[in-house]
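Survey of secondary and tertiary structure
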Amino acid sequence: MSHSIQFSTPSRTLHLPHSRLHRPLSSFSFRQFPLTSTFKHTSLRASSSPSPDSSSSSSVLHSPNGTPAVKSEERSSGIDVDTVTEAELKENGFRSTRRTKLICTIGPATCGFEQLEALAEGGMNVARLNMCHGTRDWHRNVIRSVRRLNEEKGFAVAIMMDTEGSEIHMGDLGGEASAKAEDGEVWTFTVRAFDASRPQRTISVSYDGFAEDVRVGDELLVDGGMVRFDVIEKIGPDVKCLCTDPGLLLPRANLTFWRDGSLVRERNAMLPTISSKDWLDIDFGIAEGVDFIAVSFVKSAEVINHLKSYLAARPGGGDIGVIAKIESIDSLTNLEEIILASDGAMVARGDLGAQIPLEQVPAAQQKIVKVCRELNKPVIVASQLLESMIEYPTPTRAEVADVSEAVRQRSDALMLSGESAMGQFPDKALTVLRSVSLRIERWWREEKRYEATPLQAISSASSDKISEEICNSASKMANNLGVDAVFVYTKNGHMASLVSRCRPDCPIFAFTNTTSVRRRLNLQWGLIPFRLSFSEDMESNLNKTFSLLKSR
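Residues numbered from 1 in each chain as written. Predicted model: local features only at pLDDT ≥ 70, side-chain atom pairs only at ≥ 80, totals over all residues. Heavy atoms only, no water.

**Let's talk about the packing of aromatic side chains**
- Taken as a whole and assessed by the stated rule, the structure comprises 12 aromatic pairs.
- For the pair Y489 and F534, a centre-to-centre distance of 5.8 Å together with 50° between the ring planes defines the contact as tilted. With Y489 in strand β23 (residues 486-490) and F534 in the loop between β25 (527-532) and α18 (538-551), this pair connects stretches of sequence that are 45 residues apart.
- Under the relative-accessibility criterion, F534 is labelled buried at 5%.
- Note on F509 and F530: the rings are 5.1 Å apart at their centroids and 45° apart in plane angle, and the pair reads as tilted. (Phe/Tyr/Trp six-rings, centres within 6.5 Å; stacked < 30°, edge-to-face > 60°. Helix = DSSP H or I, 4+ residues; strand = E, 2+ residues; numbered from the N terminus. Buried < 20%, exposed > 50% of the residue type's maximum accessible area, 1.4 Å probe, protein only.)

**What to know about the pattern of salt bridges**
- One pass over the structure, following the stated rule, counts 28 salt bridges.
- As a salt-bridge pair, R136 and D281 come within 2.9 Å of each other at their nearest N and O atoms. With R136 in helix α3 (residues 136-153) and D281 in helix α6 (residues 276-288), the pair connects residues that are 145 residues apart, well separated along the chain.
- The salt bridge involving D412 is made with R503; its shortest N-O contact spans 3.2 Å. With D412 in the loop between α12 (397-408) and β22 (413-416) and R503 in the loop between α16 (494-501) and β24 (508-512), this residue pair connects regions lying 91 residues apart in the sequence.
- Looking at D412, the relative accessible area reads 4%, which means it is buried.
- Residues joined by salt bridges that share partners form a network here, namely R136, E164, R252, K277 and D281. (Salt bridge = Lys/Arg side-chain N within 4 Å of Asp/Glu carboxyl O.)

**Topic: the pairing of β22**
- Burial along β22 is two-sided: the face carrying A413 and M415 and the face carrying L414 and L416 are both buried.
- When strand β6 (residues 101-105) meets β22, the two strands line up parallel, connected through 4 bridges. Its bridge partner lying in β22, C104 is registered against L416.
- Where strand β21 (residues 379-382) meets β22, 2 bridges bridge the pair, whose relative direction is parallel. Following the sheet pairing, V381 is matched in β22 by L414.
- This β-α-β element, β21 to α12 to β22, shows right-handed connectivity. (Pairing = 2+ DSSP bridges. Right-handed = clockwise from strand over helix to strand, strands pointing away.)

Structure follows, in structure tokens:
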């Protein structure tokens, strides 16, 4: 078979031989489609024969990934797109859409249906459930509210369940939402359980060996250093600590202690990554059909592989993506193998900043984002993005600069934690993330800041290499031609992720026939997921897509 590139006019057809679709001779064709809108589109599509001529000046860049038969449970016609995206496309055009995805942690401030709807309308792509807090019944109600929101309003909000992990944590503060530690106060950290009310300024600790391991003179950091104590006395199961940096204590906050300027981590290294409670939570997540499970304090790829094999052996579990939280020295040491094994990573800067010097956190973040991009895994930048907005309606300028830098690094997603879970201004915090993301992305396009160095190849199989090269070329073509959208037809999301990895200058419309895939695609940079019923005929799929988009 000879390999050639052919151009023809006036239909401007580009044929590239392609074997991924398992046909004797496949080609990708660059063609035009009649549209009534004024948008400029280009289509790159797969077919078993050259495309017929078409007489229009409009075009859309299109990259397929097979045309699977429609599952019986899926609706047989129409196209699913959320109302906010639809309104944004109509009002501002394709190129104005936000590429960076937004994740909101759901808590007491945002667990109602109306509050969830407000977040979805404000740009929330993924709802995060922190299993450190709340009962399973509470989380079940939130999950079902999000599912109802998707069903009734057409959203594709994915659900991420975040495990607690087996690192050392504080207790639940006796049912209080928070407690304020002031400078100079003496607090007691204890492994005792209290049947009656908790004594004043007393905090229970989840780790039974805490009083044995800690020493007088050690420094105790709460929640990555948001509050600091010096250990001044040990009395049986009780450890007396003097507050040196005041702050807000939250239930289930992570605890670390330092000795002579170094993190004490020997005991933590012996604790399992996934605790017995985590396994029960994971079973709960499988039963409720969550889209992602984020694993806390991952130490090695072995943990990720073990969890993925467990999920694959259970009905519905194989569809759940596993996100590795990078928040320890061990996870940085084994970074590449952990990311390779996972379906994505989270830069959990709060706990990470408690294990490495603060000045090293920015470089660690940049490295994690870079490695995830190279290995084609979505990456989330999390923790303290807009921490001041828990109490105040506007962020600090330093926080805005921090968010801007995460967007400039081309992170897939940004995550709100306490700002949306328990803050006084969750909607305003989300608005800040959205507006800053849009502005920095627009600046990037205006400055034409395309990647100076090409991405390294990640595929080994021949067919995967072809797909990767096609997506690389399609993204470059989209930038050079200034098109308004790249169209991808995908069964499992792989082809769409390859285009997203290239970070083209335009949004990527990802069409899939599966609702669960549509939700999972909502985590990745630049992807606007649609659910569309496929047929076996690619030409029919194309015509149907454009007809439905025009009608909307």
